[in-house]
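Coordinate inspection notes
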Amino acid sequence: MSPQILACLLTLTVFAGETETSEVKAPAVPPVGRYEKVAPLPGLPAVTVDSLNCSVGLAQQTAKAKNLQGRILWIDATANISRINSDEKITALVDKVAGVGFNTIVLDVKPIVGWTLFKGTIAPKLTEWKTQTLGDFDPLESFVKNCKRAKIQLFASMNAFSEGHTLMEKGPAYDNPDWQTVLYEPDGQVRSTGYYQMAFGLMDRVNTAPTDENALAVFTDLGKLSRVNGGSRMALVDADGDVLAQWDSSTGRPAGLAIPYGGSVLVGIGKAAEYLRVNAKQNDKLEFECVSQFVPIGKKPWLQIPVMVNPHDSAVRARELSILRELVTNYAIDGVVYDDRLRFAGLNADFSFTTRDKFERYVGQRIVWPDDVFKWTLLPDLSRGIVPGKFFDSWLTFRAQTICSFVADARAVIDKARPGTLFGVYAGSTYGEYTNQGANYGAPEFEAGFRFLTPAYQQAGFANSLDFFIPGCYYNRATITEAMAANVGVGYTIEAAGQFCNRAARDQAWVYAGIAVDRFKGDQALLKNALQASMAATQGVMVFDLSHDIDSVWPVFEQAFAQKVQAPHAVPGLLADLRKKRAQMDKLGAKDPPVIINAGAAGTGL
């Protein structure tokens, strides 16, 4: 062994020895394990939760100390017409719901179609849906009467900025197309090496057959088909017109064509096909480019089912507030909930002339529209990216402020029309994604490590205008420890989502984790765990929906809610006291523990 190597080994040995003999001082108080078994619902088996982060906040601590739990059942409008179209049915239903231990019902009275279940002078009344009929019957009137008799609270839910249903092609937004939100969409064009760019209709959905006479489409695994020689027969053809694959009517895809992993096929019809035959030669480079296209959402029915309207439009806002005023004035409900459509249709909405004018006033100058907000990029598989413009952050805050101001206006309408009526909002639990929807449901003082959460964006938070907030924690795993055991992301759990939303509300509103019954179909043990996790991570649970084969799980709720309790929102003055204490703590410089951000599934609860 060389002297250099020996010296090196001796040095390492001496160093290791010194480390081994150094004294390690034990902490004065050993750390306590954070994962504990809890049973906020004593009638169900306990679950193991992160007790440290499930105990943050005055709202959590107060609800637990006073044994208060929100137990809410959601009743969707169009999915349940056959169960709520007579007074006799509603009487029996309310008795059942109250009997198994729920203390609050949410009745959807303005679904996404824009019609209402109650009688009014502004929105059309819904009388039938598909095969279900409601006629002139007013279910809200019956629910008010029966809920007061059964001593269970009643909240009415409305979809604020949705006024139509794309699958049914019905709703006020179809009669008033100017209300529809305008989407900024990338109009795809193709360029070949050495040739001019050509514009063709480019399907913005992968693996969808082109329908235009001169259109292009992209297929990433097995595609659909184009027409052969202008005839009725469909097939994929190569540049020489040879058929690569015939149409398989049973699968809706071409048979016998395998596309390599990560590869794609560009298919053209008519002039687009001719362009490809001439320009798509071996070793040529084809590129997609984007041209800005502005289109009302009703003309893109495949993008989403609700026909969203423009929250920046003063006529739209006035309409929604008028419907709210009429509802609260005419019906003695205990509260109002705005469902998930209290938002924009996406990051690319709204790009109308109305919005452009208001945004330019907001930033105080003329801008290059829409590039100063952002530009789309279009990849070969038709996935989209964005290039942020210099006013991108301003765009996010501008939209969030628009929703925040509407929430404040709605709060004022409710307080004036029927003082004491509670006000809440339902939204998806993925806060980090919700900036794309233009809504900030956190408290104005909420701080966390999101790049969009600037001081200006913080002030667009509207939790302090609410009495309660319901996040859609629609996961099929209940607890963080369940996810850890299954080696999946802990953010994909009811517990993690509920914990985070409770932190975002920051004691300005009660938080009730929303769960979806259909996620636990056939597995009552999972449903029981979900109920426990909801109660552990927040101050209650919202169960969606009556239509989800709920008759099979009534015994679960009866077991879970055997001990009848009051909801936090039903205690007069309690939330106001919490807010005062929170303000005093802030004034004294009390610091919140760090906010734990566990990434969840995109679109959860939307």
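As a reminder, the structure under discussion sits directly above these lines.
Not measured: the values here are computed from a predicted model. (Residues numbered from 1 in each chain as written. Predicted model: local features only at pLDDT ≥ 70, side-chain atom pairs only at ≥ 80, totals over all residues. Heavy atoms only, no water.)

**A word on the packing of helix 13 (residues 494-505) against helix 14 (residues 524-537)**
At a minimum axis separation of 8 Å, helix 13 and helix 14 run at an interaxial angle of 20°. Our classification of the angle between helix 13 and helix 14 gives roughly parallel. In this structure, the crossing between helix 13 and helix 14 has a hand that is right-handed. Each of Ile-494, Glu-495, Gly-498, Gln-499 and Asn-502 in helix 13 lies in contact with helix 14, whose residues at this interface are Ala-530, Ala-533, Ser-534 and Ala-537. Here the residues of the contact of helix 13 with helix 14 are counted per class, giving 4 nonpolar, 4 polar and 1 charged. (Axes fitted to C-alpha atoms, helices over the stretch in contact; angles between N-to-C directions. Helix = DSSP H or I, 4+ residues; strand = E, 2+ residues; numbered from the N terminus. Parallel < 35°, antiparallel > 145°, perpendicular 65-115°, else oblique. Left-handed = near helix turned anticlockwise from the far one by under 90°. Contact = heavy atoms within 4.5 Å. Nonpolar A, V, L, I, M, F, W, Y, C, P; charged D, E, K, R; others polar.)

**A short note on the environment of Ala-509**
Structurally, the position occupied by Ala-509 is in the loop between helix 13 and strand 25 (510-511). Residues Ala-509 and Asn-464, 45 residues apart in the sequence, show an inter-C-alpha distance of 6.6 Å. When near neighbours in sequence (up to four residues on either side) are disregarded, Ala-509 contacts Ala-463, Leu-466, Asp-467, Phe-468, Phe-469, Gln-539 and Leu-575.

**Here we look at the layout of surface pockets**
Considered as a void within the structure, the largest pocket measures approximately 780 Å³ in volume. Lining the largest pocket are 34 residues, and of these Asp-76, Ile-112, Arg-341, Phe-544 and Leu-606 sit closest to its centre. Its residues assigned to classes, the lining of the largest pocket shows 17 nonpolar, 8 polar and 9 charged. (1 Å grid on protein atoms, 1.4 Å probe; cavity = no way out; pocket = protein on both sides within 12 Å on 5 of 7 lines; lining within 4 Å. Points joined across faces, edges and corners; volume = space filled by probe spheres on them.)

**So, unusual backbone geometry**
Here the residue pair Trp-369 and Pro-370 is connected by a cis peptide bond, since its omega of 5° sits within 30 degrees of zero. Structurally, Pro-370 can be placed in the loop between helix 8 (353-363) and strand 21 (374-378). With an omega of 15°, the peptide bond running from Phe-544 to Asp-545 counts as cis. Tracing the backbone through its elements, the reader meets Asp-545 in the loop between strand 27 (540-544) and helix 15 (554-560). Even without glycine at this site, Asn-67 takes up a positive phi of about 55°. Positionally, Asn-67 belongs in the loop between helix 2 (58-65) and strand 3 (70-75). Assessed through its relative accessible area of 34%, Asn-67 is described here as partly exposed. Phi at Glu-169 takes a positive value of approximately 55°, unusual for a residue other than glycine. (Buried < 20%, exposed > 50% of the residue type's maximum accessible area, 1.4 Å probe, protein only.)

**A short note on the packing of helix 7 (residues 314-330) against helix 9 (residues 392-417)**
Interaxial distance between helix 7 and helix 9 falls to 9 Å at its minimum, and their mutual angle equals 30°. When the interaxial angle is binned, helix 7 and helix 9 end up roughly parallel. Note that helix 7 runs across helix 9; the crossing there is right-handed. Across from Arg-317, Glu-320, Leu-321, Leu-324, Arg-325, Val-328 and Thr-329 in helix 7, the residues of helix 9 making contact are Thr-402, Ser-405, Phe-406, Asp-409, Ala-410, Val-413, Ile-414 and Ala-417. Residues that form the contact of helix 7 with helix 9 fall into these classes: 8 nonpolar, 3 polar and 4 charged.

Just geometry here; none of it tells us what the structure is for.
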